[in-house]
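One letter stands for each residue in the lines below.
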Amino acid sequence: MAMNLRSDDTFVEDEGWHAAAARYQDFRRRHDRGRVLYLELGVGWNTPVIVKFPFWQAVEGNPRATYACVNLGEAVAPATIERRSVLVDADIASALRALLAP
């Protein structure tokens with residue numbers, strides 16, 4: 001068994017992956033100028049070019065977009081989008097419990 005990382009030839013790029021990638025690209029095309037929240041949950045620095053960097057670029061290119069990140073010890077955003085970012089430096093489960101508490 002291998003983790004689903006793009007570190008060697010074991011990365012899962014099956015039909016489901018390609019279908020999801022196509023849906024995501026379609027979403028990006030349809031919403032590149034609208035109000036969009038790019039929500040990143042727990043993405044680390046192992047493969048930032050898959051989620052983190054594209055989200056930052058999308059927010060930078062769209063003045064109506066917001067970037068939100070929940071990530072323990074790694075909730076950061078570049079200065080170019082900092083004013084349109086919500087950064088929660090917390091464990092995802094703890095953050096969700098706090099949001100859902102009565």
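The present account deals with the structure reproduced in this document. Every value quoted in this text rests on a predicted model; they were computed, and no experiment measured them. Note on numbering: residues in each chain are counted from 1, in written sequence order. Only residues with pLDDT of at least 70 get local features here, since the model is predicted, and only at 80 or more are side-chain atom pairs given and counted; chain-wide, interface and lining totals rely on the full set of residues. For side-chain calculations, the full set of non-hydrogen atoms in the structure is used, while hydrogens and water are omitted.

The subject of this paragraph is the overall build of the protein chain. Going along the chain from the N terminus, every DSSP run of H or I of four or more residues is numbered as a helix, and every run of E of two or more is numbered as a strand. Helix and strand content of the protein chain: 3 helices and 3 strands. Walking the protein chain from its N terminus toward its C terminus, one meets helices and strands in the order α-β-α-β-β-α. Note on definitions: a residue-residue contact is assigned when non-hydrogen atoms from the two residues lie within 4.5 Å. Within the protein chain, contacts between residues at least 6 apart in sequence are counted, and of these 39% link residues at least 24 apart. We get accessible surface area from the Shrake-Rupley algorithm with a probe of 1.4 Å; when it comes to residues, only the shown protein chains can shield them. Entry remark: accessible area of the protein chain is about 7300 Å², with carbon and sulfur atoms responsible for 58%.

With that settled, the discussion passes to the sheet that holds strand S2 (residues 65-70). Strand order in the open sheet formed by 3 strands is S1-S2-S3, with parallel pairing between adjacent strands. Of all strands in the sheet, those bounded by a partner on one side alone are strand S1 (36-41) and strand S3 (85-88). Put simply, the sheet's adjacent strands are angled 10° from each other on average, direction ignored. Alignment of S1 against S2, held across 6 bridges, turns out to be parallel. Within S2, the residue paired with Glu40 across the bridge is Cys69. In this description, strands pair whenever DSSP reports at least two bridges between them. Axis definition: a line fit to C-alpha positions, over the contact stretch in the case of helices; interaxial angles, taken between N-to-C directions, run 0 to 180 degrees.

Turning to the packing of aromatic side chains, a few remarks are in order. Aromatic rings from Phe, Tyr and Trp, taking only the six-membered ring of Trp, are treated as a pair when their centres fall within 6.5 Å; an angle between ring planes under 30 degrees marks them as stacked, one over 60 as edge-to-face, and anything in between as tilted. For the structure on display, the rule yields 5 aromatic pairs. Aromatic pair Trp45 and Trp56: ring centres 6.0 Å apart, planes at 65°, arrangement edge-to-face. Pair noted here: Trp45 is in the loop between S1 and helix H2 (52-61) and Trp56 is in helix H2, with a separation of 11 residues, a long-range link. Relative accessible area serves as the criterion here: at 41%, Trp45 is assigned to the partly exposed category. Owing to a relative accessible area of 13%, Trp56 belongs among the buried residues under this scheme. A simple rule labels every residue: compare its accessible area, found with a 1.4 Å probe on the protein chains alone, to the largest value its type can have, and call it buried under 20%, exposed over 50%, or partly exposed in between.

By the secondary structure assignment, Ser85 is in strand S3. C-alpha of Ser85 to C-alpha of Ala65: the two residues are 20 residues apart in sequence and 9.1 Å apart in space. The residues touching Ser85, leaving out its near neighbours within four places in the chain, are Tyr67 and Ala77. Any pair of nitrogen or oxygen atoms within 3.5 Å is treated as a polar contact; in protein, a donor-acceptor pairing is required on top of that, and neighbouring residues in sequence qualify only through side-chain atoms on both sides. Among the polar contacts listed, one links the side chain of Ser85 to the backbone oxygen of Ile81, at a separation of 2.7 Å.

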